[in-house]
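If you want the building blocks of each chain, they are given just below.
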Amino acid sequence: MGKHCIKIVSCSKIVLVGLLLHQLHAFRLQCRLFPELCALENWNPSEEGYFVLNYLPKSLHMLKMNNLIVPCIDGTFLSEASRSLRGIIVDKSSAVKSLFVSKNSTIKIIKIIETQLSKLHFERNYALQQVLIAKCTLKEIPASVHNLINLESFTIGEAFIMTVDLNYFIGLACLNTLQVEMNSVNSVIGLMLQTNSTDLTTLKLWYNQLTTFQFDLVKPFQKLHTLNIAHNVIRSVVGNLTNQSLRYFAIQHNLVSKLDFCTWNQIVSLEWLRIGHNRLRYVPSCLTTFPNVTLLDLSFNWINHVQMHMFVGLNNLKDLYLGGNKLTSFEFGTDIVLPNLVQLRLQKTCLCRFNELEAVQERMPKMNIIFIDFYGENCNDC
């Protein structure tokens with residue numbers, strides 16, 4: 001294997017370990033103790049072994065590896081790493097092409113970023129809790145993800161995933177966060193059966209290529225409080241949301257032209273409803289489906305007329321975003337009161353003032369109407 005030269009430099013802040021092989025290749029381990037962070041660069045375990053892990057501080061939980069020279073992060077690798085670590089971060093490592101988590105692995109956290117990873121497989125494992133995969137060539141989420149019994153968080157970003165099968169995640173009792181973002185997802189499938197066996201609270205499918213979304217697919221996740229399907233190319237939605245714990249729903253930056261909540265059951269928990277940057281021509285009907293909403297974003301749609309009676313019953317509404325629409329008329333009515341409305345945003349519309357403004361503000365003294373974004377900007381954008 002050639003001549004070994006081990007150099008150790010230690011002080012109150014830095015520990016440095018290096019191995020030279022024929023003076024042509026070297027790995028480098030550098031640890032900062034305050035704050036504690038270790039980075040291992042240019043490591044090839046098949047040639048250099050795992051002895052470098054013996055130099056890690058005993059209190060260290062995570063190790064970041066840059067340019068890890070190994071084609072597969074497998075059971076042997078994770079077994080060696082788990083002797084002194086809770087988790088690993090693999091970054092900027094073009095040699096890495098696959099991840100295999102064995103049933104005996106005790107690693108709890110795996111983060112793999114900017115690699116050539118194209119294959120995942122998980123045996124039935126009770127230790128792994130967090131998985132983050134980003135910037136790789138992965139094309140599918142394997143069904144074996146269902147074998148991660150205590151999985152809490154699963155994220156895949158900036159890969160080439162086209163389909164998300166929610167069936168793989170039903171029954172994972174500890175799962176609270178599922179994110180598949182900045183991929184090529186054009187299809188979401190799954191069962192539409194209601195169950196409480198999964199504690200999923202956050203589902204983010206934003207920055208993908210979805211053209212439609214079936215709300216009934218998220219029925220199994222009755223503890224869901226965040227649903228984010230923004231920044232897709234959604235033109236239509238099907239079904240109803242029934243998730244009674246939902247607090248945040250985002251569908252902005254899509255191509256939706258119509259929304260009607262009249263067939264939905266009330267979701268009293270919802271606080272933020274973001275529908276901006278779509279193609280709505282009218283304010284959606286039956287907004288009192290969400291009686292406790294505090295923020296309602298309808299900005300940058302194609303709405304040209306607003307009647308404030310559409311918002312009657314939203315007694316907790318504080319922020320109403322209507323800017324960026326082609327508003328030519330706005331009817332407050334003579335007796336409409338939204339008791340907690342603080343911000344009514346009307347910038348970048350065809351309106352610059354209201355004739356009945358004084359009477360309206362007398363009824364709703366908390367309300368501040370914003371026609372412009374900042375001083376000197378034209379309020380009329382038509």
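Fair warning: this is a prediction, and the values are worked out from it, not measured in the lab.

Student: Lay out the overall build of the chain in plain terms, naming residues and giving numbers.
Tutor: Secondary structure summary: the chain contains three helices and 27 strands in total. Relative to its length of 382 residues, the chain is extended, with a C-alpha radius of gyration of 27 Å against a globular reference of 21 Å. Each principal axis of the C-alpha distribution contributes one length, and for the chain these read about 90 × 50 × 30 Å. The burial tally for the chain puts 47% of its 382 residues in the buried class. Sequence separation of 24 or more characterises 46% of the internal contacts of the chain that already satisfy a separation of 6 or more. For the chain, the accessible surface area stands at approximately 17,900 Å², while carbon and sulfur atoms represent 51% of it. Both charge centroids of the chain, one from 34 positive and one from 28 negative side chains, sit 6 Å from each other.

Student: Go over the sheet that holds strand β8 (residues 98-101), please, and point to the residues and values.
Tutor: Spatially, the three strands line up as an open sheet ordered β6-β8-β10, and their pairing is parallel. Strands with a single pairing partner mark the edges of an open sheet, and in this sheet they are β6 (72-73) and β10 (119-122). Sheet analysis places β6 next to β8, joined by two bridges and oriented parallel. The residue of β8 that forms the bridge with I73 is L99.

Student: If you had to explain the pairing of strand β7 (residues 87-93) to someone new, which residues and values would you point to?
Tutor: A large share of β7 lies buried, amounting to six of its seven residues. Both strand β5 (residues 62-66) and β7 contribute to a ladder of five bridges, which runs parallel. Bridge pairing in β7 places M62 opposite G87. Of the pairings in the sheet, the one linking β7 to strand β9 (residues 109-115) comprises six bridges and is parallel in character. Its bridge partner being in β9, I89 is matched across the sheet by K111.

Student: Any chance you could break down the pattern of salt bridges for me, citing the residues and the numbers?
Tutor: Summed over all chains, the structure comprises seven salt bridges. For R274, the salt bridge identified is with D297, shortest N-O distance 3.5 Å. Of the two residues, R274 is situated in strand β21 (residues 272-274) and D297 in strand β22 (residues 295-297); the sequence distance between them amounts to 23 residues. Taking relative accessible area as the criterion, R274 reaches 16% and is therefore assigned buried. Given the relative accessible area of 6%, D297 is considered buried.

Student: Give me the side chain of Q129: which residues, what numbers.
Tutor: Looking at where Q129 falls in the secondary structure, it is placed in the loop between β10 and β11 (130-134). Exposure remark for Q129: the relative accessible area of 18% places this residue in the buried category. Leave out the neighbours within four places in its chain, and Q129 touches R86, K108, N150, L151, E152 and S153.

Student: Explain unusual backbone geometry to me, and be specific about the residues and the numbers.
Tutor: For E114, which is not glycine, the phi dihedral falls at a positive 60 degrees. Summarising the element assignment, E114 is placed in strand β9. Unusually for a residue other than glycine, Y207 sits at a positive phi of about 55 degrees. Relative to the elements of secondary structure, Y207 occurs in the loop between β16 (202-204) and β17 (212-214).

Student: Help me get a handle on the packing of aromatic side chains, residues and values and all.
Tutor: One pass over the full model with this rule turns up 15 aromatic pairs. Taking the centre distance of 5.3 Å and the plane angle of 75 degrees together, the rings of F215 and W264 count as edge-to-face. Linking F215 in the loop between β17 and β18 (226-228) with W264 in the loop between β20 (248-250) and β21, this pair joins segments that are 49 residues apart in sequence. Its relative accessible area of 1% is what places F215 among the buried residues. Centroid distance Y248 to W272: 5.7 Å. Interplanar angle 45 degrees. Geometry classified as tilted. Taken together, the residues Y248 in strand β20 and W272 in strand β21 connect sequence positions 24 residues apart.

Student: Outline the environment of S84, supporting the account with residue identities and numerical values.
Tutor: Tracing the sequence through the fold places S84 in the loop between α2 (75-81) and β7. For the pair formed by S84 and A159, sequence separation is 75 residues and the distance between their alpha carbons is 30 Å. What S84 contacts, discounting residues up to four positions off in sequence, is L53, L56 and L60.

Student: Could you give an account of the nonpolar core, with specific residues and numbers?
Tutor: I73, I88, F311 and F330 are the most contacted members of the largest nonpolar core, which totals 108 residues. With residues near it in sequence (within four places) discarded, I73 still touches L68, L78, I88, V90, V96, S98, L99, F100 and I112.

Student: Could you give me a rundown of the pairing of β10, with the residues and numbers involved?
Tutor: Side-chain alternation along β10 places L120 and F122 on a buried face and K119 and H121 on a face that remains uncovered. Pairing geometry for β8 and β10, over four bridges, is parallel. Each residue of the ladder has a partner; that of V101, found in β10, is F122.

Student: Can you break down the state of the cysteines residue by residue, with the values?
Tutor: Enumeration over the complete set of coordinates arrives at two disulfides. Not part of a disulfide, C72 finds its nearest cysteine sulfur in C136, a span of 14 Å. Residue classification places C136 among the buried residues on the basis of a relative accessible area of 5%.

Student: An account of the environment of I73 is requested, with residue identities and associated values reported.
Tutor: The residue I73 is located in strand β6 in this model. Counting along the chain gives 39 residues from I73 to F34, while the straight-line C-alpha distance between them is 29 Å.

Reading the values: rules and limits
Residues numbered from 1 in each chain as written. Predicted model: local features only at pLDDT ≥ 70, side-chain atom pairs only at ≥ 80, totals over all residues. Heavy atoms only, no water. Helix = DSSP H or I, 4+ residues; strand = E, 2+ residues; numbered from the N terminus. Rg over C-alpha atoms; globule rule 2.2 N^0.38 Å. Buried < 20%, exposed > 50% of the residue type's maximum accessible area, 1.4 Å probe, protein only. Contact = heavy atoms within 4.5 Å. Areas by Shrake-Rupley, 256 points an atom, 1.4 Å probe, with all protein chains shown as cover. Lys, Arg positive; Asp, Glu negative; His and termini not counted. Charge placed at Lys NZ, Arg CZ, Asp CG, Glu CD. Pairing = 2+ DSSP bridges. Salt bridge = Lys/Arg side-chain N within 4 Å of Asp/Glu carboxyl O. Phe/Tyr/Trp six-rings, centres within 6.5 Å; stacked < 30°, edge-to-face > 60°. Core = buried A, V, L, I, M, F, W, Y, C linked by side-chain atoms within 4.5 Å. Disulfide = S-S within 2.5 Å.

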